[in-house]
Amino acid sequence: MKRIKSINTAINSNNKKPIVISGPCSAETEDQLLKTAIELKKTNKVDVLRAGIWKPRTKPGNFEGVGTQGLKWLAQAKKETGLKTAVEVANTEHVYKALNHGVDILWLGARTTVNPFSVQEIADALDGVNTTVLIKNPINPDLSLWEGAIERILNSGIKNVGVIHRGFSKYGESNYRNPPSWQIPIELKRRYPQLTMISDPSHICGNTTGLLNVSQQALDLKFDGVMLESHINPEKAWSDAQQQITPTQLEELINQLVVRTPKQTVSKKTIELDMLRQKINLIDDEMLDALSQRMEISDKIGTVKKKEGMQILQTGRWDEILNRSIIEGKSKGLSKVFLINFLSAIHLESIDRQNKIMNNEINE
Ligand code: PEP
Ligand code: MN
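What comes next concerns the included structure. (Residues numbered from 1 in each chain as written. Chains lettered and ligands numbered in written order. Predicted model: local features only at pLDDT ≥ 70, side-chain atom pairs only at ≥ 80, totals over all residues. Heavy atoms only, no water.)

### Some words on the overall build of the protein chain
Working step 1: For the protein chain, the helix and strand inventory stands at 14 helices and eight strands.
Working step 2: Overall size of the protein chain, expressed as C-alpha extent along the three principal axes, is 75 × 55 × 45 Å.
Working step 3: Counting all 364 residues of the protein chain, 45% fall into the buried class.
Working step 4: Counted over contacts in the protein chain with a minimum sequence separation of 6, partners at least 24 positions apart contribute 73%.
Working step 5: Carbon and sulfur atoms make up 51% of the accessible area of the protein chain, which totals about 19500 Å². (Helix = DSSP H or I, 4+ residues; strand = E, 2+ residues; numbered from the N terminus. Buried < 20%, exposed > 50% of the residue type's maximum accessible area, 1.4 Å probe, protein only. Contact = heavy atoms within 4.5 Å. Areas by Shrake-Rupley, 256 points an atom, 1.4 Å probe, with all protein chains shown as cover.)

See below:
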């Protein structure tokens, strides 16, 4: 993917790490946006001011953004603070309006990345334009959709492309509003090593308490920066109030982040790290052996169920497996959410295999 140019230089010329994008979930009033921008500027930590102008709300009746007037406030904030500005765009009109008002960075929201028609519409509107575009991951954990959006934007000739990882929607229990599923952005980075990656801990956490942890985790996974929602008065925010922090809290958070710069020479620590990694590999191998044996037994059970004319799903048994493993796992320091997710994945695979046995697709 030669055409990806790092956006680091487009955002800040001295390649500062981490890149910090901050500002309110939504522009609400001129006063709110300007006060937030001025306070953010004072922290000296922020590179880009973000604000949603058009808000994609899951259900009607919620605040859907102030629309075009907010672009004038953003332009004013840029004039007063010198901060670059970023807004979410979801269609041709948004792109033209944002560019006409001097917005520096456009981002595609999670609900836009899922829709190839919308992404293509935006790509067409950007044809021949020289700007920076950040693409949030789709709400569903589908790497191909994310890649498809990146390719569509690149095909329009935009060179400064980056991505924002904001986590993926979930069904059921989780400690996150949108679980990060780090393996997905890691795989994206493996496929496109030059791609600038920004983490959005605000939408991942859905609260303020997890922000530092997720931000640090992102930096440790080689992300280039963070997008954190901030508001002059978070409690009064018209959208995403639970996850926004004040500019002062943002400054404190950024101050606590550690940017690790690996030393060139092989240190004791590197050797220790290698040893620990080898241990992990060994345990993973053992785990895979155990899983494979478990699946073989499950196949045998499938054969019995078929002969006896039993249904595959025996909910009582599934409850029993879950309950005993949660008790056992928790006593070993594993979290309930992890145990449920892990066991559910195993259970689904077993059911899938037993289904194939019932339907004669696997030899018994
Ligand atoms: C936002 O950034 O405020 C937003 C709506 O994010 P997402 O598209 O990630 O839900
Ligand atoms: Mn938001």
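### Things to note about the coordination of the manganese ion (ligand 2)
Working step 1: Here the manganese ion (ligand 2) is held by Cys 25 (SG), His 203 (NE2), Glu 229 (OE) and Asp 240 (OD), and the distances to it run 2.1 to 2.4 Å.
Working step 2: Read from N- to C-terminus, the donor residues coordinating the manganese ion (ligand 2) fall into the pattern C-x177-H-x25-E-x10-D. In this pair, Cys 25 is assigned in the loop between strand E1 (19-23) and helix H2 (30-43) and Glu 229 in strand E8 (residues 225-229), connecting sequence segments 204 residues apart. The exposure classification of Cys 25 matches that of Glu 229, with both residues buried. (Donors = N, O, S within 2.8 Å, 3.2 Å for Na, K, Ca; no water.)

### Some words on a negative patch on the surface
Working step 1: Taken together, Asp 284, Asp 285, Glu 286 and Asp 289 make up a surface patch of like negative charges.
Working step 2: Tracing the backbone shows Asp 285 in helix H12 (residues 268-308). (Patch = residues over 30% accessible without salt bridge, like charges linked within 9 Å, V, L, I, M, F, W, Y side chains within 5 Å. Salt bridge = Lys/Arg side-chain N within 4 Å of Asp/Glu carboxyl O. Lys, Arg positive; Asp, Glu negative; His and termini not counted. Charge placed at Lys NZ, Arg CZ, Asp CG, Glu CD.)

### Quick word on helix H3 (residues 69-81)
Working step 1: Taking 1.5 Å per residue as the helical rise, H3 with its 13 residues ought to reach 18 Å, and the 19 Å between its terminal C-alpha atoms agrees with that figure.
Working step 2: Looking at H3, one finds that the buried residues are Gly 70, Leu 71, Trp 73, Leu 74, Ala 77 and Thr 81. The arc enclosing the buried residues of H3, seen along the axis, measures out at 155°, which places them on a common side. Every exposed residue of H3 that faces more than 90 degrees away from the buried side is listed here: Lys 72 and Lys 79.
Working step 3: Close packing links the buried residues of H3 with H2, strand E2 (48-50), strand E3 (84-88) and helix H4 (92-100).
Working step 4: Immediately beyond the C-terminal end of H3, within one or two residues, lies Gly 82, with a positive phi of roughly 80°. (Expected span 1.5 Å × (residues − 1). Arc of directions from axis to C-beta.)

### Comments concerning a nonpolar patch on the surface
Working step 1: Residues Val 266, Ile 271 and Met 275 make up a contiguous nonpolar surface patch of roughly 320 Å² in combined accessible area.
Working step 2: Within the secondary structure, Val 266 is located in the loop between helix H11 (247-256) and H12.

### Here's the deal with the site of ligand 1
Working step 1: Cys 25, Arg 50, Lys 55, Glu 88, Trp 107, Gly 109, Ala 110, Arg 111, Lys 136, Arg 166, His 203 and Glu 229 make up every residue found near ligand 1.
Working step 2: Lys 55 places a polar side-chain atom, nitrogen or oxygen, 2.8 Å from an oxygen atom of ligand 1.
Working step 3: One of the side-chain N or O atoms of His 203 is found 3.2 Å from an oxygen atom in ligand 1.
Working step 4: Class assignment of the residues belonging to the shell around ligand 1 gives a composition of three nonpolar, two polar and seven charged. (Near = heavy atom within 4 Å. Polar contact = N/O pair within 3.5 Å; in protein donor to acceptor, adjacent residues only side chain to side chain. Nonpolar A, V, L, I, M, F, W, Y, C, P; charged D, E, K, R; others polar.)

### Thoughts on the packing of H2 against H11
Working step 1: One way to put it is that H2 packs onto H11 with a least axis distance of 9 Å and a crossing angle of 25°. Comparing the axis directions of H2 and H11 gives the class roughly parallel. Here the hand of the crossing between H2 and H11 comes out right-handed. Residues Thr 36, Glu 39, Leu 40 and Thr 43 of H2 touch H11, and the partners they reach there are Pro 247, Leu 250 and Glu 251. (Axes fitted to C-alpha atoms, helices over the stretch in contact; angles between N-to-C directions. Parallel < 35°, antiparallel > 145°, perpendicular 65-115°, else oblique. Left-handed = near helix turned anticlockwise from the far one by under 90°.)

### Focus: the packing of helix H7 (residues 143-155) against helix H8 (residues 183-191)
Working step 1: Taken N-terminus to C-terminus, the directions of H7 and H8 make an angle of 45°; their axes are 10 Å apart at the nearest point. By the angle class used here, H7 and H8 are oblique. The chirality of how H7 crosses H8 is right-handed. Here Leu 143, Trp 146, Glu 147 and Ile 150 of H7 come into contact with H8, specifically with Ile 184, Pro 185, Glu 187, Leu 188 and Arg 191.
Working step 2: Along the lines of polarity and charge, the residues of the contact of H7 with H8 split into six nonpolar, no polar and three charged.

Any functional reading would require information that these geometric values do not contain.
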